[in-house]
Amino acid sequence: MINSYCPEGELFGTVINREYTSSLAGLERAMNEGLILEGNTLLCDSSMRLHVDLYGIRGIIPKEEALFCKSGEEIKDIALITRVGKPTCFKVIGFEKHRGETVAILSRRAAQAECIRNYLSSLTEGDIIPARVTHLESFGAFVDIGCGISSLLSVDSISVSRISHPSDRLSVGDKIFTAVKTIDRLNGRIFVSMRELLGTWEENASLFEAGQTVSGIIRSVESYGVFVELAPNLAGLAEIRDTDTQFISERVGKYAAVYIKNIIPDKMKIKLVLIDANGTEAKKQPINYFVDCERVTHMDRWQYSPDGAQKLVGTVFGE
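Report on the accompanying structure. Not measured: the values here are computed from a predicted model. (Residues numbered from 1 in each chain as written. Predicted model: local features only at pLDDT ≥ 70, side-chain atom pairs only at ≥ 80, totals over all residues. Heavy atoms only, no water.)

1. Structural notes on the layout of surface pockets
Phase 1 of the analysis: Here the largest pocket defines a volume of roughly 1,600 Å³.
Phase 2 of the analysis: Lining of the largest pocket is provided by 43 residues; of these, Leu-67, Gly-148, Ile-149, Ser-150 and Ser-151 occupy positions nearest its centre.
Phase 3 of the analysis: For the lining of the largest pocket, the secondary-structure elements that each account for two or more residues are helix H3 (77-81), helix H4 (108-118), strand S6 (128-137), strand S7 (140-144), strand S8 (150-154), strand S9 (175-184) and strand S10 (189-193).
Phase 4 of the analysis: Examining the composition of the lining of the largest pocket, we find that four residues originate from one element, S6, more than from any other.
Phase 5 of the analysis: Here the lining of the largest pocket is built from residues that sort into 19 nonpolar, 11 polar and 13 charged.
Phase 6 of the analysis: When its volume is computed, the second largest pocket comes out at roughly 950 Å³.
Phase 7 of the analysis: Together, 35 residues line the second largest pocket, and Phe-227, Ala-235, Gly-236, Leu-237 and Ile-270 are the ones closest to its centre.
Phase 8 of the analysis: If you list the elements that add at least two residues to the lining of the second largest pocket, you get strand S11 (213-222), strand S13 (234-238), helix H6 (245-249) and strand S15 (269-276).
Phase 9 of the analysis: In terms of residue count, the dominant contributor to the lining of the second largest pocket is S15 (seven residues).
Phase 10 of the analysis: By residue class, the composition of the lining of the second largest pocket is 19 nonpolar, four polar and 12 charged. (1 Å grid on protein atoms, 1.4 Å probe; cavity = no way out; pocket = protein on both sides within 12 Å on 5 of 7 lines; lining within 4 Å. Points joined across faces, edges and corners; volume = space filled by probe spheres on them. Helix = DSSP H or I, 4+ residues; strand = E, 2+ residues; numbered from the N terminus. Nonpolar A, V, L, I, M, F, W, Y, C, P; charged D, E, K, R; others polar.)

Put into structure tokens, the structure is as follows:
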């Protein structure tokens, strides 16, 4: 078995993980082979040790082994408490006898240190990697990019179409693909982006035709019109009367029926006519990647705007 350094939760429940964690012999083999495994965290005791269920065998992660930190950095209690009820990755580092019971001593820190050394440190800007959404803030989503190591997906990097909060697009627990946006090697931080995987303007616009009436999501209302999202990387503008502004503002985040009046590639514009804004609250849709993220592992640049467009929009990774 080769360590895969996947986001926490990916190994839990697999046949190979259960094979190693369901017996003392298996755990001893895992220690000797240096394997990263996962178990469900049952509790955090008063000493801030994490107790991990290993199919009847007790595993303990001491506080100092619960998280990889830079030298001198303190492990916050909240980082331990929030692991309860969730799969946690670890390496087996030893065994102890507690009142006649053999207890496995585990280290999440060792698993994370290996993940950083063998995987994350080799990443470059533009690499496409899997991630799992761990929590949401107004400014972005925090995602697990390997063994519980966190990365920020800022709200403006989630999609081209503007959203008011990451929850408009993502939910905690979502498994997604991201592109490495920037790497701060001095502070050991990686920032990721997703919008580059959701298609160019032309790719998204090709899904629609002038003359169609389609469903969209009202994302924002401006003095000059209302932006309606047709796809995560595509929005159109519908004119509204001043008398309708307040009514439409109350419909932000809801579905609306719009008529596609015109599609103008050189201006990257889709002109819409608002037909009906009495739609229901919009639901999160499955993410449609325009990149085969299982096969394509890197991109040097991404151009959102069509060739010859008046405005150049895109990303050059590594600059």
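2. A look at helix H2 (residues 24-33)
Think of an α-helix as 3.6 residues a turn; residues three or four steps apart then line up on the same face.
Phase 1 of the analysis: Residues Gly-26, Leu-27 and Ala-30 constitute the buried set of H2. Projected down its long axis, H2 shows its buried positions confined to an angular sector of 100 degrees, all on one face.
Phase 2 of the analysis: Of the surrounding secondary structure, the elements contacted by the buried residues of H2 are helix H1 (15-21), strand S1 (37-44), strand S2 (50-54), strand S3 (57-61), strand S4 (87-98) and strand S5 (101-107).
Phase 3 of the analysis: Taken from the residues just after H2, Gly-34 is the one with a positive phi, measuring 70 degrees. (Buried < 20%, exposed > 50% of the residue type's maximum accessible area, 1.4 Å probe, protein only. Arc of directions from axis to C-beta. Contact = heavy atoms within 4.5 Å.)

3. As for empty space enclosed by the protein
It is a probe the size of a water molecule, rolled over the atoms, that shows where empty space is left.
Phase 1 of the analysis: The full count for this structure, using the stated rule, is one cavity of 30 Å³ or more.
Phase 2 of the analysis: Considering the residues around the largest cavity, the lining is formed by Asn-3, Ser-4, Tyr-5, Cys-6, Leu-11, Ile-36, Glu-38, Cys-89 and Cys-147.
Phase 3 of the analysis: Its residues assigned to classes, the lining of the largest cavity shows six nonpolar, two polar and one charged.

4. Focus on the pairing of S3
Within a regular strand, side chains alternate between the sheet's two faces.
Phase 1 of the analysis: S3 sits mainly inside the fold: four of its five residues count as buried.
Phase 2 of the analysis: Note that S2 and S3 share five bridges and pair antiparallel. Looking across to S3, one finds that His-51 is bridged to Ile-60.
Phase 3 of the analysis: Where S2 folds back on S3, the antiparallel hairpin that results is connected by two residues, among which Tyr-55 adopts a positive phi of roughly 55 degrees. (Pairing = 2+ DSSP bridges.)

This is a description of form; function is not addressed.
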